[in-house]
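# Structural description and commentary
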Amino acid sequence: MIEVNHLTKRYGDHLALDDISFTVGDGEIVGFLGPNGAGKSTTMNIITGYLSSTEGQVLIDGIDVLEQPLEAKKRIGYLPEIPPLYTDMTVEEYIDFACDLKHVPAASKKDTIEQVCKLARVADVRKRLIRNLSKGYRQRVGLAQAMVGDPGTLILDEPTVGLDPKQIIEVRDLIKNLSKNHTILLSSHILQEVQAVCDRLIIINHGRIVAVDTPENLSKNVLQINKLEMRIRGPKNEILTGLEAIDGVESAELIRVREEGSVDVRLEAGENVDVREAVFDFCSTNNYPILMMKTNEINLEDIFLQVTGEREAKR
């Protein structure tokens, strides 16, 4: 468990972190988002004990990182954005080296190496030089070293950066699997990946936390719009006019025409208003077949831009 209490960090006159507090519970995957310079790296460096804070406190499983650094660090596995790999070592030699750094008992080394290689899915390349591995495998080797010593908390900084789509899926699945036994704080600029794996989001901007919630709740509470995308067979004008007349529908707009004789329409309803049954009744009464209906959820990029104020700055 991670507890961050009233954390402040100053660099001279610059306030990098301004009294931030949050918790990451056992078994949670929490995404840590923010624009460049928002304070993400500073926060993660303080949590891992690499930097000290000006004010405030960080607890790992109840242990103060500043007062008991060795005990706290035993409980943390850290994957920086660029994994700290020695490319002239084999994977097995590097993990063995990580075991020495983390004071893994000699009698447990062999089992530890086998376990983390299996968890990180690098057992099949354990005898290969790291310099000959793909970027995806190098990321997984970095994850393997982070798991040495079986820390309860994993801090992952941009774990999928630079990976191809197949490698991203592999690392995403690995992170999901790790959450069964680990608390994970994940920083990423790839918003789709954060949305795919995280239970909760923390968004930071200018050193202050501006939002903490699940992606679903942020979508509802931040923008407060319900959207529905549909494909309906029938006359365009009659369909649009009829949909706009439904109670609760705030707007109906034509998106495109993809199938002859049908129209793709986007509806916007008011906050906490579900218009699906009313839309179905309208189409059924008028014999307009519904070929497709889906909720068009606000994506994480929209939420991010909204809560950090970037959308207003672009207008």
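We now turn to the structure provided with this report. (Residues numbered from 1 in each chain as written. Predicted model: local features only at pLDDT ≥ 70, side-chain atom pairs only at ≥ 80, totals over all residues. Heavy atoms only, no water.)

## Observations concerning the overall build of the protein
- A count of helices and strands for the protein gives twelve helices and 14 strands.
- Each principal axis of the C-alpha distribution contributes one length, and for the protein these read about 75 × 50 × 30 Å.
- With 315 residues in all, the protein has 46% of them scored as buried.
- Taking as baseline every contact in the protein between residues at least 6 positions apart, the subset at least 24 positions apart corresponds to 68%.
- Of the accessible surface of the protein, which amounts to about 16,000 Å², a share of 46% is contributed by carbon and sulfur atoms.
- Between the centroid of the 37 positive side chains of the protein and the centroid of its 49 negative side chains there is a distance of 6 Å. (Helix = DSSP H or I, 4+ residues; strand = E, 2+ residues; numbered from the N terminus. Buried < 20%, exposed > 50% of the residue type's maximum accessible area, 1.4 Å probe, protein only. Contact = heavy atoms within 4.5 Å. Areas by Shrake-Rupley, 256 points an atom, 1.4 Å probe, with all protein chains shown as cover. Lys, Arg positive; Asp, Glu negative; His and termini not counted. Charge placed at Lys NZ, Arg CZ, Asp CG, Glu CD.)

## Concerning the pattern of salt bridges
- Enumeration according to the criterion identifies 22 salt bridges in this entry.
- Ionic pairing is found between R233 and E259, a salt bridge with its closest N-O pair at 3.9 Å. Of the two residues, R233 sits in strand 11 (residues 226–233) while E259 sits in the loop between strand 12 (249–256) and strand 13 (262–269), which places them 26 residues apart along the sequence.
- Judged by relative accessible area, R233 falls into the partly exposed class, the value being 38%.
- Exposure remark for E259: the relative accessible area of 31% places this residue in the partly exposed category.
- If you follow the salt bridges from partner to partner, you end up with E229, R231, R233, E253, R256, E259, D264 and R266 in one network. (Salt bridge = Lys/Arg side-chain N within 4 Å of Asp/Glu carboxyl O.)

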